[in-house]
Amino acid sequence: MQGIKRKLVYVTLYEAFAMLFTSLGLALFSGHSLAHAGVAGVASSTVAFIWNLIYNTGFEAWEARQPGTGRSVARRLLHAAGFEAGLVVTLVPLFAWWLQVSLWEALWMDIGLIIFFLIYTYLFNLLFDHVFGLPASAQANTGQQPKGCKA
């Protein structure tokens with residue numbers, strides 16, 4: 001599976017689980033009800049959904065220009081870290097406003113989520129690529145799959 005279909009399946013699955021984890025984590029760490037924290041979870045997932053489409057399009061464009069193919073641990077870590085860094089800029093002020101906490105408290109909540117989501121993003125991508133195969137941008141130009149990957 002390639003192109004926009006791959007991106008839509010990826011981002012839908014990723015964000016469905018992310019919304020659940022974010023809502024539970026925010027409720028636990030903010031002291032707000034699951035319903036109240038759930039609104040922040042849905043809002044953050046909406047922001048992340050849009051960012052995910054933009055970020056992955058840009059990342060894959062960059063990746064396609066790289067001399068090496070496949071997705072090494074370093075490339076996967078770069079992917080996850082870049083994605084999360086982009087979210088911090090938007091989500092910290094959103095959490096502070098909605099949960100009525102300081103930016104500092106919101107940043108600490110977000111740091112907890114970032115640590116969780118760095119691991120989640122890495123593992124989700126690993127599993128997604130295993131199930132659906134690598135995107136064209138990470139495949140060898142010879143038409144053969146890199147060792148250990150399936151189409």
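Cut-offs used in this document
- Residue positions are counted from 1 within each chain, in the order its sequence is given.
- Local features in this predicted model are restricted to residues whose pLDDT is 70 or higher, and side-chain atom pairs enter the listing and the counts only when it is 80 or higher, whereas totals over whole chains, interfaces and linings include all residues.
- Hydrogen atoms and water are omitted, and side-chain values are computed over all heavy atoms in the structure.
- For helices, the fitted line uses only the C-alpha atoms of the stretch in contact; every axis is such a line through C-alpha atoms, and the angle between N-to-C directions lies from 0 to 180 degrees.
- Numbering of helices and strands runs from the N terminus, with a helix taken as a DSSP run of H or I at least four residues long and a strand as a DSSP run of E at least two residues long.
- We call a crossing left-handed when the near helix sits turned anticlockwise from the far one by less than a right angle, and right-handed when that turn is clockwise.
- Residues are sorted three ways: Asp, Glu, Lys and Arg are charged, Ala, Val, Leu, Ile, Met, Phe, Trp, Tyr, Cys and Pro are nonpolar, and all the rest, Gly among them, are polar.
- A simple rule labels every residue: compare its accessible area, found with a 1.4 Å probe on the protein chains alone, to the largest value its type can have, and call it buried under 20%, exposed over 50%, or partly exposed in between.
- Any two residues having at least one pair of non-hydrogen atoms within 4.5 Å are treated as being in contact.
- We count a salt bridge whenever a side-chain nitrogen from Lys or Arg sits within 4 Å of a carboxyl oxygen from Asp or Glu.
- Patch definition: residues with relative accessible area over 30% and no salt bridge; like charges joined within 9 Å; nonpolar side chains (Val, Leu, Ile, Met, Phe, Trp, Tyr) joined within 5 Å.
- Per-residue and other accessible areas were derived by the Shrake-Rupley procedure at a 1.4 Å probe size, with only the shown protein chains allowed to occlude residues.
- Working definition: rings of Phe, Tyr and Trp (its six-membered ring) pair if their centres are within 6.5 Å, and the pair is stacked with planes under 30 degrees apart, edge-to-face with planes over 60 apart, and tilted otherwise.

Asker: Tell me about the packing of helix α1 (residues 3-30) against helix α2 (residues 34-64), and please be specific about residues and values.
Answerer: Where α1 contacts α2, the axes come no closer than 8 Å and their chain directions differ by 145°. Remark: the crossing between α1 and α2 carries right-handed chirality. Broken down by class, the residue content of the contact of α1 with α2 amounts to 16 nonpolar, ten polar and three charged.

Asker: Tell me about the environment of Ala 18, and name the residues and values.
Answerer: The residue Ala 18 is located in helix α1 in this model. Judged by its relative accessible area of 3%, Ala 18 is buried. Distance from Ala 18 to Val 42, taken between C-alpha atoms, is 9.2 Å for residues 24 residues apart in sequence. For Ala 18, the residues in contact, after removing those within four places along its chain, are Ser 45, Phe 117 and Tyr 120.

Asker: Kindly report on the environment of Leu 78, identifying the contributing residues and their values.
Answerer: Relative to the elements of secondary structure, Leu 78 occurs in helix α3 (residues 73-99). For the pair formed by Leu 78 and Tyr 122, sequence separation is 44 residues and the distance between their alpha carbons is 9.7 Å.

Asker: Describe in detail the side chain of His 79, supporting the description with residues and values.
Answerer: Its place among the elements puts His 79 in helix α3. A relative accessible area of 5% means that His 79 is categorised as buried. When residues no more than four places from it in sequence are discounted, the contact partners of His 79 are Tyr 10, Tyr 55, Asn 56, Phe 59, Thr 121 and Asn 125.

Asker: Let's hear about the pattern of salt bridges: which residues, and what values?
Answerer: All told, the structure shown has six salt bridges when counted by the stated rule. Between Glu 60 and Lys 7 there is a salt bridge whose closest N-O contact spans 3.3 Å. With Glu 60 in helix α2 and Lys 7 in helix α1, the pair connects residues that are 53 residues apart, well separated along the chain. Accessibility expressed as a relative area gives 16% for Glu 60, which makes it buried. With a shortest N-O distance of 3.0 Å, Arg 76 and Asp 129 are connected by a salt bridge.

Asker: Residues and numbers for a nonpolar patch on the surface, please.
Answerer: A cluster of nonpolar side chains, contributed by Leu 13, Phe 17, Leu 20, Phe 21, Leu 24, Leu 34 and Phe 116, occupies part of the molecular surface with about 610 Å² of accessible area. Among the secondary structure elements, Phe 21 is positioned in helix α1.

Asker: Report on the packing of aromatic side chains, specifying residues and quantitative values.
Answerer: With the rule as written, the count across this model stands at 19 aromatic pairs. Centre to centre, the rings of Trp 97 and Trp 98 are 5.6 Å apart; their planes meet at 50°, and the pair counts as tilted. A relative accessible area of 25% means that Trp 98 is categorised as partly exposed.

Asker: If you had to explain the side chain of Asn 52 to someone new, which residues and values would you point to?
Answerer: Note that Asn 52 resides in helix α2. Sequence-distant contacts of Asn 52, that is, excluding residues within four places in its chain, are made with Tyr 10, Val 11, Tyr 14, Glu 15 and Phe 83.

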